[in-house]
Amino acid sequence: MDRRRARGVFAYCIALLACVSCAGGPHTAASNGVLPNGAASRVSSASSAFVQHVVIVIQENRSFDDFFSTFPGADGTYGGYMKNPSGTGDQYVPLQKVDLLEKCDFGHSYHIVATDYDGGKMDGFGLEGGSKKCPGKVGTKVYQYVDPQQLAPDWSIAQQYVLADHLFQTQGSGSFTAHQDLIAGATLINQPIDTKSLVDFPSALPWGCDAPPGTVTSLLLYKNDKLHNYYHTGPFPCLTYATLRDLLDAKKVSWKYYSPPEPDGTGSFWNAFDAIEAVRKGPEWKTNVAQTGAFFKDVAHGTLPNVSWIVPDNPDSDHPGNNSDTGPSWVASIVNTIGQSTYWKSSVVIVLWDDWGGLYDHIPPPFFD
C-alpha cells in the first residue's frame, strides 16, 4: 500500500495502519522489523470485499515532527524558528534528538495554540509554560524529535502502511475536546443565540457526568471574524449532543469504547463517553464501555465489535511527563493481537495522537472556522 501524503500535524498526528482487504494481499505487522511483543501476524491470503472492523487507538500529546520529522518522504523538518523573548525577530533552532521518555508535560491549552501558531508563523513554541517539573518558559526544549530507534514499532507500521503527514486536530486545545472530537466530530453547544464549542477541559475531575456539582466547562465562540474564549462559563460536562454512537446504534452496527477505569484511573481524563449523558446514564455504560484490557479478550473470543475505540492507561500513552516509554510497544501489542486473529483480513487500525502536547511542529494548521 502506498504511503499517502496527508500531513501529520501541529496538533494531531495519525497513522493509518493495517487493511489487507485494501492492500490486495496479506501483510504481517512485523515483516519490516520485529515488533517488541513478538510473533509475526498469521493472516489468510483471502481478502474481504468490505472493511468490517475499525479499531481506533488513541495515544497522547505528540506532534508529527516530534515522532516523524525524519521519516523518509514525509513532510518533516530538521529545525524551526523561535520567537526571541524580547520580541525582536526569530532565531533558527535545530531540532534536538531526545529520548522518548520526556519528563516535561508542556503547556497545550487553547491559549497555547494561539501562542504557538502566532498568526501562521509557527514560532511561538518557546514562549509556552512548562509543568511543575519544568517551570518557566520552555525555550528550545520543545524543539525536539524522538530517537527513531525508540519508535521502531510506530515507524515499522508506518513504513508498511500509511502515514498521514498533513492531518490536523479538529480544534486546538487539550485532551478533553480532542477525545470528544473522536466520538462526535465537534463539541458544539447550542445556545439561544449563538453556537459555541467546548474548549480546554472542565474545572474538576472526572471530565464527565461524574464530575462534582458546580463543575463547569469553557466555551469558544467565532463571532465578527474573531474567536472569543469564555473561560469557565460553559455547562456541566454531561452533554446531550449526538455522537457516532447514535449513528452506529441506528444502523445496528456494534461498537465498544475500551478505556482505563473511571473515575479512579486515567479514564477520569480520557473516557469520552463519560461526558455523554445518554451513555453514562444509560444501559450502554455497562455493555458498550469496558476497561482497556477487555479488548484483547474480545479479539481472542471472537467478539470484537465493528467499531472500537481503545484508550491506553497513562504509562502506555506516549504522554510526556508520565515517566514511561512503553507507548510504541503498546501500539505493537494491539496490531499484533489483531494480526494473529481472524480479524486481520477485514480490519482497519487507526493510530492517532490526540493533540500536539506543546511540542514543535513546522506546518501551520488550516483554519476554516
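Scroll up to find the structure.
Quick look at the structure, then. Since this is a predicted model, take the numbers as computed values, not measurements.

### Section: the nonpolar core
It is characteristic of soluble globular proteins that their nonpolar side chains tend to be buried jointly.
Now for step 1: The biggest cluster of nonpolar side chains holds 32 residues, and the ones touching the most others in it are Val55, Val57, Phe68, Phe295, Ile310 and Ile338.
Now for step 2: Every element with two or more residues in this core is listed here: β2 (53-59), α2 (64-68), α4 (152-160), α10 (294-301), α11 (327-339) and β15 (347-353).
Now for step 3: Of the residues forming this core, the biggest block, 5 residues, is contributed by α11.
Now for step 4: When neighbours within four sequence positions are excluded, Ile310 is seen to be in contact with Val55, Ile56, Val57, Ile58, Tyr258, Thr292, Phe295, Trp330 and Ile334.
Now for step 5: Membership of the second largest hydrophobic core comes to 28 residues, among which are Ile58, Trp270, Ala275 and Val289.

### Considerations on the packing of α10 against α11
Now for step 1: In contact at an axis separation of 10 Å, α10 and α11 are set at 15° when each is read in the N-to-C sense. By the angle class used here, α10 and α11 are roughly parallel. In this structure, the crossing between α10 and α11 has a hand that is left-handed. In contact with Phe295, Phe296 and Val299 of α10, α11 contributes Trp330, Ser333, Ile334, Thr337 and Ile338.

### Some remarks on the sheet that holds strand β10 (residues 218-223)
Now for step 1: Strand order across the open sheet formed by 4 strands is β8-β9-β10-β11, with antiparallel pairing between neighbours. With partners counted over all chains shown, the strands left at the sheet margins are β8 (188-190) and β11 (226-230), one partner each. Geometrically, the sheet is characterised by an average inter-axis angle of 35° between neighbouring strands, direction not taken into account.
Now for step 2: Here strand β9 (residues 195-199) pairs with β10 via 3 bridges, running antiparallel. Within β10, the position partnered with Ser197 by the bridge is Leu220.

### Some remarks on the pattern of salt bridges
Now for step 1: This model, assessed by the stated rule, comprises 9 salt bridges.
Now for step 2: Here Asp66 ties to Arg62 by a salt bridge, and the two come within 2.9 Å at their closest N and O atoms.
Now for step 3: Judged by relative accessible area, Asp66 falls into the buried class, the value being 0%.
Now for step 4: The salt bridge partner of Asp249 is Arg245, with a shortest N-O separation of 3.3 Å. One end of the pair, Asp249, and the other, Arg245, are both in helix α6 (residues 244-250), 4 residues apart, so they sit about a helical turn from each other.

Rules of the game
Residues numbered from 1 in each chain as written. Predicted model: local features only at pLDDT ≥ 70, side-chain atom pairs only at ≥ 80, totals over all residues. Heavy atoms only, no water. Core = buried A, V, L, I, M, F, W, Y, C linked by side-chain atoms within 4.5 Å. Buried < 20%, exposed > 50% of the residue type's maximum accessible area, 1.4 Å probe, protein only. Helix = DSSP H or I, 4+ residues; strand = E, 2+ residues; numbered from the N terminus. Contact = heavy atoms within 4.5 Å. Axes fitted to C-alpha atoms, helices over the stretch in contact; angles between N-to-C directions. Parallel < 35°, antiparallel > 145°, perpendicular 65-115°, else oblique. Left-handed = near helix turned anticlockwise from the far one by under 90°. Pairing = 2+ DSSP bridges. Salt bridge = Lys/Arg side-chain N within 4 Å of Asp/Glu carboxyl O.

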